[in-house]
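Geometric and topological summary
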Amino acid sequence: MKYAAIRAAFELLWLSRLPALSRALSSSRGVIFTLHRVLPEAPPAFSPNAILQVRPDFLDYTIERLRDLDIDIVTLDEAVTRLAAPKKGKPFVVLTFDDAYRDNLDYALPILLRHEAPFTLYVPTAFVDGVGELWWQAIEDIIARQEAVAFTENGEVEYVDTSTTAQKKDAFNRLYWHLRKLPEPQRRAFLAEFCHNYGYDLEKQCRDLIMSWQELRLFAGEPLCTIGAHTVHHYELAKLSEDEARQEMLQSVEVIQAQFGIRPSHFSYPLGGPLSCGPREFALARDLGFKTAVTTRPGGLYPHHLESLTALPRVSLNGYFQSERYVDVFASGGIFTVLGKLTG
């Protein structure tokens, strides 16, 4: 129901030509897009994480359409410069990719290079080491292949039927939010037990999905690419103590600097919503010297964001809404600022 309502809203916005009016009249100067995976295959019926993936042809069209609309694709550094300008200039978009998925190398990079489109890649260093835990994908994979799953909650074993697609979706939503609410040590323990019970190899999953350091060198050496930090373990920082959160952020910078001789000045908060980061984390990012840090709170970029550069909004280039006409909506920061206020 939620996504049907959003799709209906997108259709109305596109038909009304409000996106063009918003870009012309809104004081929003630009938008930062959030992307994760780029894959050519259509997702199966049960694929709750398909929200994180777009097709290569959709990414290709998006870049072409942005330029047809006379919207510049710029780096994060250029975005900050444009926010500081005394007057609004041409609208702009910043392309950002989280997590260093290997498909970014296989499918996204060739498109970005062909279009000479600058972008930022946020790297969680433990993932690249091959020891990260992509728990959201793990629970999808396990539920997808089981007719039922069992897990321990509050000391009791519960069995959940997952024989139909609808039941699988319900089970995923239940497990996902259960894990989101757990402190990180308990979440990791729960996940380890769940994966062990179903013979799921988390480290193999990480190595299969995420680029190696050698593969990442192709990005680090590419002038169009800005390498950003994304913590070490992709933990929700708000769940950690202040010292633990600071160490996650700082160590990720130091590891990337040791690997590439580049000290990242831009940061992305894992998950990035209100449950995952807030004023404490924004202050930590500022104190650690990051020039910008991005959330996943929706909205456009305005001059007032110069006062909160470590709490920048982004607009998800969402895998559930890969219609060409929606690109005009995605590129209209003012619309998402209003939507964010209505839903936040």
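Further up the page is the structure itself.
What you are looking at is a predicted structure, and each value in this text was computed from that prediction instead of being measured. (Residues numbered from 1 in each chain as written. Predicted model: local features only at pLDDT ≥ 70, side-chain atom pairs only at ≥ 80, totals over all residues. Heavy atoms only, no water.)

1. So, the overall build of the protein chain
- Counting its regular elements, the protein chain contains 15 helices and twelve strands.
- Buried residues in the protein chain amount to 53% of all 344 residues.
- Sequence separation of at least 24 residues holds for 73% of the intrachain contacts in the protein chain that already meet a minimum separation of 6.
- When the accessible surface of the protein chain is split by element, carbon and sulfur atoms take 54% of a total near 15300 Å². (Helix = DSSP H or I, 4+ residues; strand = E, 2+ residues; numbered from the N terminus. Buried < 20%, exposed > 50% of the residue type's maximum accessible area, 1.4 Å probe, protein only. Contact = heavy atoms within 4.5 Å. Areas by Shrake-Rupley, 256 points an atom, 1.4 Å probe, with all protein chains shown as cover.)

2. Overview of the nonpolar core
- In this structure, Phe-33, Leu-95, Phe-97, Leu-216 and Phe-219 are the most contacted members of the largest nonpolar core, which totals 87 residues.
- No other element matches helix α7 (residues 135-145), which puts six residues into this core.
- Non-local contacts of Phe-219, meaning those with residues more than four positions away in its chain, are made with Asn-104, Leu-105, Leu-109, Phe-119, Leu-121, Met-211, Cys-225 and Ile-227. (Core = buried A, V, L, I, M, F, W, Y, C linked by side-chain atoms within 4.5 Å.)

3. Brief notes about the side chain of Asn-49
- If you trace the backbone, Asn-49 turns up in the loop between β2 (37-38) and β3 (53-54).
- A polar atom in the side chain of Asn-49 sits 2.8 Å from the side chain of Glu-140.
- Once you skip the residues sitting within four places of it in the chain, Asn-49 turns out to touch Trp-136, Gln-137, Glu-140 and Phe-172. (Polar contact = N/O pair within 3.5 Å; in protein donor to acceptor, adjacent residues only side chain to side chain.)

4. Things to note about the packing of helix α3 (residues 56-68) against helix α5 (residues 102-115)
- Interhelical geometry of α3 versus α5 gives an angle of 25° and a closest axis separation of 9 Å. When the interaxial angle is binned, α3 and α5 end up roughly parallel. You can see that α3 and α5 cross each other, and the crossing is right-handed. Each of Pro-56, Leu-59, Asp-60, Ile-63, Glu-64 and Arg-67 in α3 lies in contact with α5, whose residues at this interface are Tyr-107, Ala-108, Ile-111, Leu-112, Arg-114 and His-115.
- A class-by-class count of the residues in the contact of α3 with α5 yields seven nonpolar, one polar and four charged. (Axes fitted to C-alpha atoms, helices over the stretch in contact; angles between N-to-C directions. Parallel < 35°, antiparallel > 145°, perpendicular 65-115°, else oblique. Left-handed = near helix turned anticlockwise from the far one by under 90°. Nonpolar A, V, L, I, M, F, W, Y, C, P; charged D, E, K, R; others polar.)

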